[in-house]
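Inside the fold
Here is how the chains run, residue by residue.
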Amino acid sequence: MATPNVVFLGSYAYIQAPVHSAATVNGTLTRGGRPVTLRESESILCEFLDVLGELQEDFTRRLGVIKECPVRTRAE
């Protein structure tokens, strides 16, 4: 069995349900070893994490472009 995807959200850890699991199996959100089973909110959280990942990739790409550009003064 494959290791589940774990996403850390501050002091929380979200453990996704296995990809091929039954529709009744949900991921869990834990803090300090205490799990909270997610139900209706799991799909919303997954979508949020996907969008957040896209934003992070875009930010990283833009930051790389900024770092590559030489800094010029007004005199130039």
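Provided above is the structure to which this section pertains.
Residues numbered from 1 in each chain as written. Predicted model: local features only at pLDDT ≥ 70, side-chain atom pairs only at ≥ 80, totals over all residues. Heavy atoms only, no water.

**Side note on the pattern of salt bridges**
Two side chains carrying opposite charge are able to pair once their charged atoms lie near each other. Worth spelling out the cut-off: Any Lys or Arg side-chain nitrogen located within 4 Å of an Asp or Glu carboxyl oxygen qualifies as a salt bridge. By the criteria applied, helices consist of DSSP H or I runs no shorter than four residues and strands consist of E runs no shorter than two, each listed in order from the N terminus. Exposure classes here rest on a 1.4 Å probe applied to the protein chains alone. A residue is buried below 20% of its type maximum, exposed above 50%, and partly exposed in between.
Under the criterion given, the structure shown has 2 salt bridges. Residue Arg61 is joined to Asp58 by a salt bridge in which the shortest nitrogen-to-oxygen separation is 2.6 Å. Remark: Asp58 and Arg61 occur in helix H1 (residues 41-68); sequence separation between them is 3 residues, near one turn of the helix. Accessibility expressed as a relative area gives 48% for Arg61, which makes it partly exposed.

**Focus: a negative patch on the surface**
Condition: The patch calculation keeps residues exceeding 30% relative accessible area without a salt bridge and links them within 9 Å when they carry like charges or within 5 Å when they are nonpolar (Val, Leu, Ile, Met, Phe, Trp, Tyr). Method for areas: the Shrake-Rupley scheme with a 1.4 Å probe, in which residue coverage is limited to the protein chains shown. Only four residue types enter the tally: Lys and Arg on the positive side, Asp and Glu on the negative side; His and the chain ends are excluded. In this description, the location of a charge corresponds to atom NZ of lysine, CZ of arginine, CG of aspartate or CD of glutamate.
Judged by side-chain charge, Glu47, Asp50, Glu54 and Glu57 come together as a negatively charged surface patch. Take Glu47: it is sitting in helix H1.

**Notes on the pairing of strand E2 (residues 12-15)**
The condition is simple: Pairing between two strands is assigned when DSSP locates at least 2 bridges connecting them.
When strand E1 (residues 6-9) meets E2, the two strands line up antiparallel, connected through 4 bridges. From the neighbouring strand, Val7 faces E2, where its bridge partner is Tyr14. Where E1 folds back onto E2 in an antiparallel hairpin, the turn is made up of 2 residues, including Gly10, whose phi is positive at roughly 65°. Of the strand pairs in this sheet, E2 and strand E3 (residues 28-31) are connected by 3 bridges, and their pairing is antiparallel. Paired with Tyr14 across the two strands is Leu29, which belongs to E3.

**Some details on the side chain of Thr30**
Here is the rule: The contact definition used throughout considers only heavy atoms, calling two residues in contact when any of these lie within 4.5 Å.
Within the secondary structure layout, Thr30 lies in strand E3. Since its relative accessible area comes to 16%, Thr30 is described here as buried. For Thr30, the contacting residues outside a window of four places in its chain are Ser11, Tyr12, Ala13 and Pro35.

**Things to note about the environment of Gly27**
Residue placement: Gly27 occurs in the loop between E2 and E3. Sequence separation between Gly27 and Ala17 is 10 residues; the distance between their C-alpha atoms is 4.3 Å.

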